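Architecture at a glance
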Amino acid sequence: MSAEPRLLANAIRALSMDAVQAANSGHPGMPMGMADAATILFTEYLKYDPADPKWHDRDRFVLSAGHGSMLIYSLLHLTGYAHPTMEEIAHFRKLGSPCAGHPENFMLEGVEATTGPLGQGFAMAVGMAIAERHLNAVFGDDLVDHHTWAIAGDGCLMEGINHEAVGLAGHLKLGRLNVLWDNNKITIDGSTALSTSEDIPARYRASGWHVVSCDGHDFDSIRRALDEAVSDPRPSLIDCQTIIGWGAPNKQGTSATHGAALGNDEVAAARKQLVWDSEPFDIPEPIIRGWREAGGRGAQVRAEWNARLAANPQRGEFERRMEGRLPDGTARSDYLDGLAANPQKVATRKASEMALEAINADLPETIGGSADLTGSNNTKTKSQTPLTADDYSGRYLYYGIREFGMAAAMNGMALHGGVIPYGGTFLVFSDYCRPAIRLSALQNARVIYVMTHDSIGLGEDGPTHQPVEHVMSLRMIPNLDVYRPADAVETAECWELALARADGPSLLCLTRQNLPQLRTERSANLSARGAYRLRPAKADRRVVILATGSEVETAVATADKLEAQGIGADIVSMPSWSAFDAQDEAYRRDLLPDGVLVVSIEAGTTFGWERYTGLKGLRIGLDRFGASAPAEDLFERFGFTADKIAPQIVAALNSGDK
């Protein structure tokens, strides 16, 4: 290179402190402290090409310590990515700049994952490493042969999810995963000694990791550690012993550099300390030239890979998977034909398994899993073999009791590309997954969550396991499609919709108890409308009964009782709020017209249903915790029967007539 590594690293430091100072907001300490290690990684080890940010066989890099976002923004600009431009960096943390406070994968190419919530980036890197090993086992070294790198801070390693991710990676022996630990011993509150005395290297070694340490400001020491990590067959933790805010003479090594601008005086002092004479956002030409040379290292490697791809007989299938295009296949259609001919009374969790038998036959890119509830979630199909350290070609992951780690790993797998991950647990344990589900939605990750035991219908396990508020709280997450199907047909339809969606996550809420199949004629995917008229009123319509999941059966029985009294009742099944809300106004008004009583039935909180029922409608639900008893006794006790609902509707109609 035409510039010394220290000069290259100081360009990162200058950009970071100047951008944070201009914004008067941000975290300069981490990028200043990790600038040396990041410089060696990006100039000598990382496989990438800024001219093709989506190159399928590039190394993946995740900045788990996302608060230090100016590190990745500096690196992308300096190595020659089209964005961020210097102007965009100068507008760091400002509206309209892609240089957000924390890195967002949908804003900048080269940002592989949206990070900031500590620990999740690390866990997503584990998922990326899983996807790489799986695809390597399927397509071979010629097409898939790369590493996953991450930079994580002390906070990432303290978070509970770190224990889950470390255990999973060690168990699977993900030797292509290398994590640089920014071991600066500082958190917002001050020294890490205030809150922890854990022997972190010992924990990692006990989990099956290789651990190597280095002086994070000595380039030869960094190279030695990276060489050792790359050559070891285990996942590696590279303990980079650094000084936070390195180069700021009066604040380095203290929490003062962590989450605030250095201040004009300290920036000036740092410039003097670093012998950096350039104005803010001005990088000397020899240094830019050195960085661009480093960024160009991957061009020849990519050209050679492209040649191998062109000659590979699996090119078409490889590109299809990596581009996220679904294959043709008849198993799914044949399955729906079979349901029409032979209706099934099964729990929707079982209906999900039945649908998956067809899905997994058609889609070789699906990788299923469960957080130690395989037999309860019904997520494993007959054709799937385990994905293990001995056989990465398997398509089923036993995640263990690691719900959060599972969800974050699936995000990483989806972001890597080439696979469609789905994973299961009980719906009540979506609370353990929720931060990762939220990131699925934020970063448009194609992840499918299979959440079973979706109401008091799970029975005897009682209120600790019975969801009440969960379905509604999940519906509140933007860009998350939540489905609660009523029978085997709707379950298959919801799976089709989830698979077809390439720009975000889906979540299926499924029952433990058996449900009758309510639709027996083959039709278009009615669940795609979010809600549809399952059965129109026979008498003059006075009521619309709106229900989801297991309560659609109850709605049918309730409508029968009303019709027997001459009260016409439409039955509307509503598997997806978000899909229904996306329909045009005419369709929505046709299903929920003015001038009729709208009644919602769902075995969960009534909160939120007024958006469809109106304030004068009826909302049948559960606004308390459940109880431990057989499901049928609980539905009777809490009023989810036609005998208890029909009189309430009649009373409401009579009240409205007065």
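Look above for the structure.
Residues numbered from 1 in each chain as written. Predicted model: local features only at pLDDT ≥ 70, side-chain atom pairs only at ≥ 80, totals over all residues. Heavy atoms only, no water.

1. Details of the pattern of salt bridges
In the structure shown here, the tally under the stated rule is 41 salt bridges. Between Arg-223 and Asp-220 there is a salt bridge; the shortest N-O distance is 3.0 Å. Residue Arg-223 and its partner Asp-220 are both found in helix H9 (residues 219-231); the two are separated by 3 residues, about one turn of the helix. Between Asp-581 and Arg-611 there is a salt bridge, and its shortest N-O distance comes to 3.4 Å. Of this pair, Asp-581 sits in helix H22 (residues 577-581) while Arg-611 sits in helix H24 (residues 610-613), placing them 30 residues apart in sequence. (Salt bridge = Lys/Arg side-chain N within 4 Å of Asp/Glu carboxyl O. Helix = DSSP H or I, 4+ residues; strand = E, 2+ residues; numbered from the N terminus.)

2. Quick notes on helix H15 (residues 348-362)
Taking 1.5 Å per residue as the helical rise, H15 with its 15 residues ought to reach 21 Å, and the 21 Å between its terminal C-alpha atoms agrees with that figure. Its axis deflected by about 25 degrees at Leu-356, H15 carries its strongest bend there. Buried residues dominate H15, accounting for 12 of its 15 residues. Among all positions in H15, only Thr-348, Arg-349, Ala-351, Ser-352, Glu-353, Met-354, Ala-355, Leu-356, Ala-358, Ile-359, Asn-360 and Asp-362 are buried. (Expected span 1.5 Å × (residues − 1). Bend = angle between axes of the 7 residues up to and from the residue. Buried < 20%, exposed > 50% of the residue type's maximum accessible area, 1.4 Å probe, protein only.)

3. Quick look at a negative patch on the surface
Taken together, the side chains of Glu-460, Asp-461, Glu-632 and Asp-633 make up a negatively charged region of the molecular surface. With respect to the helices and strands, Asp-633 occurs in helix H25 (residues 631-637). The partly exposed category is assigned to Asp-633, whose relative accessible area is 44%. (Patch = residues over 30% accessible without salt bridge, like charges linked within 9 Å, V, L, I, M, F, W, Y side chains within 5 Å. Areas by Shrake-Rupley, 256 points an atom, 1.4 Å probe, with all protein chains shown as cover. Lys, Arg positive; Asp, Glu negative; His and termini not counted. Charge placed at Lys NZ, Arg CZ, Asp CG, Glu CD.)

4. Brief notes about the packing of H15 against helix H20 (residues 488-500)
In contact at an axis separation of 9 Å, H15 and H20 are set at 50 degrees when each is read in the N-to-C sense. On the basis of their axis angle, the class for H15 and H20 is oblique. Crossing angle aside, the handedness with which H15 passes H20 is right-handed. Of H20, the residues touching H15 (which contributes Thr-348, Ala-351, Ser-352, Ala-355, Leu-356 and Ile-359) are Ala-488, Thr-491, Ala-492, Trp-495 and Leu-499. Partitioning the contact of H15 with H20 into residue classes produces 8 nonpolar, 3 polar and no charged. (Axes fitted to C-alpha atoms, helices over the stretch in contact; angles between N-to-C directions. Parallel < 35°, antiparallel > 145°, perpendicular 65-115°, else oblique. Left-handed = near helix turned anticlockwise from the far one by under 90°. Contact = heavy atoms within 4.5 Å. Nonpolar A, V, L, I, M, F, W, Y, C, P; charged D, E, K, R; others polar.)

5. Observations regarding the pairing of strand S14 (residues 506-509)
Covered by surrounding structure in S14 are Ser-506 and Leu-508 together with Leu-507 and Cys-509, the residues of both alternating faces. Pairing geometry for strand S12 (residues 448-452) and S14, over 4 bridges, is parallel. Paired with Tyr-449 across the two strands is Leu-507, which belongs to S14. In this sheet, S14 lies alongside strand S13 (residues 481-483) in parallel orientation, the contact comprising 3 bridges. Paired with Tyr-483 across the bridge in S14 is Leu-508. In this fold, S13 hands off to H20, which returns the chain to S14; that crossover is right-handed. (Pairing = 2+ DSSP bridges. Right-handed = clockwise from strand over helix to strand, strands pointing away.)

Interpretation in functional terms is not warranted from these geometric data alone.
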